[in-house]
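Tertiary structure, described
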Amino acid sequence: MNKSTLTRKLFNTVAVTLLVSCLLSFLYMVRSIETSVNDYELVQGFIGWVLVYALYAGAVILIYANLVSVLIELLRNKFNLNSLTYIILHGLVGALTGGVVSKSALVALCIAGIAILYALVDYWQITQEDESRSIKYILLVSLLPIVCSSIYFATISQPLPPFTAKDAIASAIDDHSITSNFYLNYPMIFTFYNQHPLSLMYYSARGL
């Protein structure tokens, strides 16, 4: 395997990982908005889930998907397979893997779709003469959905409500109520900590 193939597989991994992570994160956030009453900081939530999905999906694509793709590419070069066969083989292996691992037809179809997406990106890169330009196009296409989704969630996200003086008083009253209940239930412990503040610091540091 030459350097050009390794570079192509690496950028395919990045592109497909970003696209899949963006789609999964977008669907999760839409579902979260439908079931939640607080629509605050949606962009941060979206980006956070993109990173979480990218961590897991990227690892699987980098290790397993690339290995399978390299083997299929070797078969393609040896038996002179056409583009359609090359792409379908990726989808079949993805569907088989998803079905064996999850025992679910839906998961198998989803993984097959990801494998076909990977094969399409990979084959498109193979047919390009200018490798550097194709890499730029791939990165642009993979980052564009994330940018557009972030703008969308920014437009529908509600600003955090201000922490008013009334909220501060209510919070202080709640804290005072907790302290009062603790004193009523455990007066000896409360008195001991007041007389020995260093003990309170020691046990607080230990999480006790």
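About the cut-offs
- Residues numbered from 1 in each chain as written.
- Predicted model: local features only at pLDDT ≥ 70, side-chain atom pairs only at ≥ 80, totals over all residues.
- Heavy atoms only, no water.
- Helix = DSSP H or I, 4+ residues; strand = E, 2+ residues; numbered from the N terminus.
- Buried < 20%, exposed > 50% of the residue type's maximum accessible area, 1.4 Å probe, protein only.
- Contact = heavy atoms within 4.5 Å.
- Polar contact = N/O pair within 3.5 Å; in protein donor to acceptor, adjacent residues only side chain to side chain.
- Phe/Tyr/Trp six-rings, centres within 6.5 Å; stacked < 30°, edge-to-face > 60°.
- Expected span 1.5 Å × (residues − 1).

Broken down by element type, the chain carries eight helices and zero strands. Counted from the first residue to the last, the chain has its helices and strands arranged as α-α-α-α-α-α-α-α. For the chain, the proportion of its 208 residues judged to be buried stands at 25%. Within the chain, contacts between residues separated by at least 24 positions form 71% of all contacts whose residues are at least 6 apart in sequence.

Right, let's talk about the environment of Ala-105 for a bit. Checked against the element boundaries, Ala-105 lands in helix H4 (residues 105–126). Through-space distance from the C-alpha of Ala-105 to that of Ala-95 is 8.4 Å; in sequence the pair is 10 residues apart.

Our focus in this paragraph is the environment of Glu-73. Turning to its location among the elements, Glu-73 is positioned in helix H2 (residues 42–79). The class for Glu-73 is buried, based on a relative accessible area of 10%. Residues Glu-73 and Leu-89, spaced 16 residues apart in sequence, show a C-alpha to C-alpha distance of 10.0 Å. Within the structure, the side chain of Glu-73 is placed 2.8 Å from the side chain of Arg-8, a separation counted as a polar contact. At a separation of 3.0 Å, a polar atom in the side chain of Glu-73 contacts the side chain of Lys-9.

In this section: the packing of aromatic side chains. A complete count under the given rule lists eight aromatic pairs for this structure. Centre to centre, the rings of Phe-46 and Phe-153 are 5.2 Å apart; their planes meet at 35°, and the pair counts as tilted. Remark: Phe-153 occurs in helix H5 (residues 131–156) and Phe-46 occurs in helix H2; sequence separation between them is 107 residues. Judged on exposure class, the residue Phe-46 and its partner Phe-153 are both buried. Geometrically, the ring pair formed by Trp-124 and Tyr-137 is tilted, given 6.5 Å between the ring centres and 55° between the ring planes.

Further remarks concern H4. Taking 1.5 Å as the rise per residue, H4 with 22 residues should run 32 Å; its terminal C-alpha atoms sit 31 Å apart, in good agreement. Listed in full, the buried residues belonging to H4 are Ala-108, Ala-112, Ala-115, Tyr-118, Ala-119, Val-121, Asp-122 and Gln-125. Packed against the buried residues of H4 are helix H1 (3–35), H2, helix H3 (83–102) and H5. Backbone nitrogen of Leu-106 and a side-chain oxygen of the N-cap are separated by 3.4 Å at the start of H4; the cap is Ser-104.

Position of Val-70 relative to the elements: it lies in helix H2. Among the residues examined, Val-70 registers a relative accessible area of 17% and is labelled buried. Val-70 sits 65 residues away from Thr-5 along the chain, and the two C-alpha atoms are 8.9 Å apart.

Another point: unusual backbone geometry. Even without being glycine, Asn-80 reaches a positive phi, approximately 55°. Within the element layout of this structure, Asn-80 appears in the loop between H2 and H3. Here the phi dihedral of Lys-103 falls at roughly 60°; this positive angle occurs in a residue that is not glycine. Following the sequence through the fold, Lys-103 ends up in the loop between H3 and H4. Judged by its relative accessible area of 71%, Lys-103 falls in the exposed class.

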